[in-house]
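The lines below spell out each chain.
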Amino acid sequence: MKLTTNRLVIRDYEKRDIPSLIENINNLEVSKNLLLVPHPYTLKDAQWWINHCAEEMKKKPRTTYDFALELKSEKKLVGGIALNKVDDFNGTAEIGYWLGQSYWRKGFVSEAVKEIVNFGFEKLKLRRIDVCAWTKNIASNELIKKTGFVYEGMRRQAARSKATGSIHDLYIYGLLKEEWEKFKDLKL
Ligand SMILES: CC(C)(COP(=O)(O)OP(=O)(O)OC[C@H]1O[C@@H](n2cnc3c(N)ncnc32)[C@H](O)[C@@H]1OP(=O)(O)O)[C@@H](O)C(=O)NCCC(=O)NCCS
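Note that this is a predicted model, so its numbers are computed, not measured.

Around the ligand there are 21 residues in total, and N33, V109, S110, A139 and E142 lie nearest to it. The set of elements that each furnish at least two residues to the shell around the ligand consists of β5 (92–99), α4 (108–123) and α5 (138–146). The leading source of residues in the shell around the ligand is α5, at six residues. For the shell around the ligand, a count of residues per class yields 12 nonpolar, five polar and four charged.

All right, on to the packing of helix α1 (residues 18–25) against helix α3 (residues 43–58) then. Between α1 and α3, the shortest axis-to-axis distance is 10 Å and the interhelical angle comes to 120 degrees. Relative to α3, α1 is oriented oblique. The two elements α1 and α3 cross, and the hand of that crossing is right-handed. Of the residues in α3, those in contact with I18, L21 and I22 of α1 are L43, A46, Q47 and I50. Here the residues of the contact of α1 with α3 are counted per class, giving six nonpolar, one polar and no charged.

With that settled, the discussion passes to the nonpolar core. Counting 45 residues, the largest nonpolar core has L69, A112 and I116 as the members making the most contacts within it. Among the elements that line this core, the one with the most residues is α4, at seven residues.

Our next topic: the pairing of strand β4 (residues 76–87). Inspection of the sheet shows strand β3 (residues 65–71) paired to β4 by seven bridges, in the antiparallel sense. Of the residues in β4, the one forming a bridge with L69 is G79. Here β3 folds back onto β4, and the loop between the two strands holds four residues, one of which, K75, carries a positive phi near 55 degrees. Pairing analysis gives seven bridges linking β4 to β5, with the strands arranged antiparallel. What sits directly across from G80, in β5, is W98. In this antiparallel pair of consecutive strands, β4 and β5, the connection spans four residues, and G91 shows a positive phi of 75 degrees.

Spatially, eight strands are ordered β1-β2-β3-β4-β5-β6-β8-β7 in an open sheet, and the strand pairing comes out mixed. The open sheet has two edge strands, β1 (2–4) and β7 (150–160), and neither has a second partner. Looking at each pair of strands side by side, their axes are set apart by 25 degrees on average, direction ignored. Summarising the sheet, strand β2 (residues 8–12) and β3 pair through five bridges and their orientation is antiparallel. Counterpart to I10 in the pairing with β3 is L69. Strands in contact with α5 are β6 (128–134) and β8 (167–176); relative to β6, the strand with the most contacts, it is inclined by about 155 degrees.

Negative phi values dominate among residues other than glycine, just as trans dominates among peptide bonds. Here the amide bond leading from H39 into P40 is cis, since omega sits at -5 degrees, within 30 degrees of zero. Along the chain, the position of P40 falls in the loop between α2 (28–31) and α3. Here the amide bond leading from K60 into P61 is cis, since omega sits at 0 degrees, within 30 degrees of zero. Here P61 is to be found in the loop between α3 and β3. Its identity is not glycine, yet K85 carries a phi of approximately 50 degrees, on the positive side. Residue placement: K85 occurs in strand β4.

So, how was this worked out
Residues numbered from 1 in each chain as written. Predicted model: local features only at pLDDT ≥ 70, side-chain atom pairs only at ≥ 80, totals over all residues. Near = placed C-beta within 6 Å. Helix = DSSP H or I, 4+ residues; strand = E, 2+ residues; numbered from the N terminus. Nonpolar A, V, L, I, M, F, W, Y, C, P; charged D, E, K, R; others polar. Axes fitted to C-alpha atoms, helices over the stretch in contact; angles between N-to-C directions. Parallel < 35°, antiparallel > 145°, perpendicular 65-115°, else oblique. Left-handed = near helix turned anticlockwise from the far one by under 90°. Contact = placed C-beta atoms within 7 Å. Core = buried A, V, L, I, M, F, W, Y, C linked by C-beta atoms within 7 Å. Buried ≥ 20, exposed ≤ 12 C-beta atoms within 10 Å, placed from the backbone. Pairing = 2+ DSSP bridges.

What follows is the structure, encoded as structure tokens:
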């Protein structure tokens, strides 16, 4: 599967992503904010991930869309974005994302989140999308609010980072299809 934006190709992971995946995610500044990414991040971890995604892709119905973020200008992976826990009956799913540190603050993940949200509502016919972030993760919380999500509360000590072992409180947010329609008309 492949989606495109102005500057990005958002696509299924491929074996050729392994070197750039390791280069970008083997960085505690990135993985300390994520749930399931080990540190250090080894070749074995990257191979496991690519195989895992290949298996997930085959499932019908697909409940997980894990995508590589490829910069058109560099033609290589610079980050990842996912629509997880896709529940067709309930009409819900959850977004997660990360980006290599050298690419931060250029609007890349905002661009990708908007495209994935659109994909979720238009193609998968979802009615609600969830996202959450550690309460201390200012960058992600700001990004979430700027992409139209609505703050819904905090889950105390709800998550543990695999990279650091630390426990985190989580801010939770949701976006309903009708809110997205309004936000899109205003901001896109
Ligand atoms: C969070 C993360 C994905 C942001 O990606 P990004 O492409 O740099 O974000 P954007 O450039 O689209 O930023 C959108 C807005 O978020 C806020 N923001 C992003 N990075 C920020 C930072 N380092 N400090 C403060 N605010 C920040 C800003 O408000 C920004 O808008 P502006 O640049 O117009 O002011 C990236 O920092 C990252 O991968 N961090 C580590 C992994 C992670 O935290 N993943 C999310 C887990 S919930």
